[in-house]
Amino acid sequence: MQAILLPLLIVMLPQICLSALQLGVPVLAPAFVVEVGMAPEAVGLIGGCIGFGSVWMFAANPEITPVLGPLPALMIACLLSVIGSGLVLTGMPAAILIGAVVIGFAYAVTAPAGSQILSTHVPRHWWGTVFSIRQAGVPLGGAIAGILGTSLASAFGWRLALGVLTAFPLICAGVLFAAPRRFHAGANGQRFRVSGLFKPSNVAVPFRTLRADPQLRAMTLASLGFAAVQGSLFAFFTTYLTDGLGFDLVMAGALFATLQIVSFMGRLGAGALADRMGAFRPLLRAMSVMAALFCAVLALIHTGWPDWALYLIAGATGLAAATWNGLYLAEIARLVTPERVGQATAGATFFTFVAYMATPPLFGLIVLLSGYELAFMTAGCAVLASFWLLRKA
């Protein structure tokens, strides 16, 4: 058990810290977009920039994780996220968008680097559990952003709140540096070049990765619907509640934190259940139907509903729409040979994050043209398509 816990801790800590910062930006966005001269719908553009940064990283992953090694890549990602947050803190619209790209780039390193560490150091029959626990760091980070971030923003302003969230990955980098020496291995011996991150040929790498494996391709397509719902929720949930329905930011943050906390617990339970069942896809199919259902429910809520009902819906939405990630990554790792886990994860997640990148701006456009109700219904239809693809995979 100790042999499992140490690699899990090493990958989960940056997952939590970088998630708190990456999710904290859209959570705090209602507090700063208007102040800096941006429209409320710009939250979608900020979310799209975070997604773009992640997509860019997944395409460039062959120049990063295999070259640096997975653990050094995680340490550098933590430090890079601090730079991105500093750009957001300037309050200049252009710098905010660039900073969002940098934060998304840094956050995305956690997927291939973390998967490579876990698949190397953890026995295969534990993968469903440990991959899901690792991914549970995402909603845990979101809960930190929702509770701590919004409380600090309400009391002291959004800059101090974002500054506190920025301290987490900075501390995390120092903790990772102290990890046992065996975890610092894994570099392929090539020299790291910054210019390699900008090679046009990087874009073709994810396509080549998926073209070689039909099952990997089907699983990746299925992830797009899940990503459409989760990306919309994470980017717009607090803005929907405040700008769309009239809740105050503290209540919106508490509901967002509830969604994240239940998602955290759901990921733990889903991973253990999947390992017990010996299969990941039946649970993913059930989640796709539940996610579509609660998208419809979200479109109906209003300020007249009792608090207990709002918290119940927020929690159920987190369970349905944001617990799939660990099972998906474990299934990706199961489909390939051990030495290909990092690159297969990066290639498959490239397309998942294309959905994360494209969904918030599209969701915002639908909101602008037709309102939140149609936007949530559209996201629900997207995740139902995942149910069909998972049956065919």
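Now for a quick tour of the structure.

On to the overall build of the chain, then. The secondary structure content of the chain amounts to 16 helices and zero strands. Computed over its C-alpha atoms, the radius of gyration of the chain comes to 19 Å, within 12% of the 21 Å expected for a compact globule of 393 residues. By its C-alpha atoms, the chain is 55 × 45 × 40 Å across when sized along the principal axes. The buried share of the chain, reckoned over its 393 residues, is 59%. For the chain, contacts bridging at least 24 residues in sequence account for 83% of all contacts bridging at least 6. Roughly 14800 Å² of accessible area belongs to the chain as shown, and the carbon and sulfur atoms make up 71% of that amount.

Structurally, Pro-66 can be placed in helix H3 (residues 65–68). It is 33 Å that separates the C-alpha atoms of Pro-66 and Val-27, two residues lying 39 residues apart in sequence. Leaving out residues up to four positions away in the same chain, Pro-66 has contacts with Asn-61, Gly-186, Ala-187 and Asn-188.

Tracing the sequence through the fold places Leu-335 in helix H14 (residues 325–335). Given a relative accessible area of 18%, Leu-335 falls into the buried group. Spatially, the C-alpha atoms of Leu-335 and Asp-213 are 8.7 Å apart, while their sequence positions differ by 122 residues. Once residues lying within four places of it in the same chain are set aside, the contact partners of Leu-335 are Asp-213, Gln-215, Leu-216, Met-219 and Arg-281.

To continue, consider a nonpolar patch on the surface. Together, Leu-362, Leu-365, Leu-368 and Leu-369 give the surface a local cluster of nonpolar side chains, amounting to about 430 Å² of exposed area. Looking at the secondary structure, you find Leu-365 in helix H15 (residues 341–370). By relative accessible area, Leu-365 is classed as partly exposed at 44%.

Turning our eyes to something else, we now look at helix H4 (residues 70–89). Between its terminal C-alpha atoms H4 stretches 29 Å, which fits the 28 Å expected from 20 residues at 1.5 Å a residue. For H4, the full list of buried residues reads Pro-70, Leu-71, Pro-72, Ala-73, Leu-74, Met-75, Ala-77, Cys-78, Ser-81, Gly-84, Ser-85 and Val-88. Following H4 by one or two positions, Gly-91 has its phi on the positive side, about 80°.

As a further point, take empty space enclosed by the protein. On inspection of all chains with the given rule, the structure shows three cavities of 30 Å³ or more. If you add up the space inside the largest cavity, you get close to 360 Å³. Forming the boundary of the largest cavity are 29 residues, of which Gln-22, Tyr-107, Gln-230, Phe-353 and Tyr-356 lie nearest the centre. Of the voids in this model, the second largest cavity is the one considered here, and its volume is about 40 Å³. Around the second largest cavity, the lining residues are Phe-237, Leu-241, Leu-255, Leu-298, Ile-301, Leu-310, Ile-313 and Ala-314. When contributions to the lining of the second largest cavity are tallied by element, the ones reaching two or more residues are helix H10 (214–244) and helix H13 (307–321). Among the elements that line the lining of the second largest cavity, the one with the most residues is H13, at three residues. Taken together, the residues that form the lining of the second largest cavity break down as eight nonpolar, no polar and no charged.

Let us now look at the state of the cysteines. In protein chemistry, a disulfide is the covalent bond that joins the sulfur atoms of two cysteines. Per the counting criterion, the structure on display carries zero disulfides. For Cys-17, which is in no disulfide, the shortest distance to another cysteine sulfur is to Cys-172 and amounts to 4.4 Å. A relative accessible area of 9% means that Cys-17 is categorised as buried.

Cut-offs applied
- Residues numbered from 1 in each chain as written.
- Predicted model: local features only at pLDDT ≥ 70, side-chain atom pairs only at ≥ 80, totals over all residues.
- Heavy atoms only, no water.
- Helix = DSSP H or I, 4+ residues; strand = E, 2+ residues; numbered from the N terminus.
- Rg over C-alpha atoms; globule rule 2.2 N^0.38 Å.
- Buried < 20%, exposed > 50% of the residue type's maximum accessible area, 1.4 Å probe, protein only.
- Contact = heavy atoms within 4.5 Å.
- Areas by Shrake-Rupley, 256 points an atom, 1.4 Å probe, with all protein chains shown as cover.
- Patch = residues over 30% accessible without salt bridge, like charges linked within 9 Å, V, L, I, M, F, W, Y side chains within 5 Å.
- Salt bridge = Lys/Arg side-chain N within 4 Å of Asp/Glu carboxyl O.
- Expected span 1.5 Å × (residues − 1).
- 1 Å grid on protein atoms, 1.4 Å probe; cavity = no way out; pocket = protein on both sides within 12 Å on 5 of 7 lines; lining within 4 Å.
- Points joined across faces, edges and corners; volume = space filled by probe spheres on them.
- Nonpolar A, V, L, I, M, F, W, Y, C, P; charged D, E, K, R; others polar.
- Disulfide = S-S within 2.5 Å.

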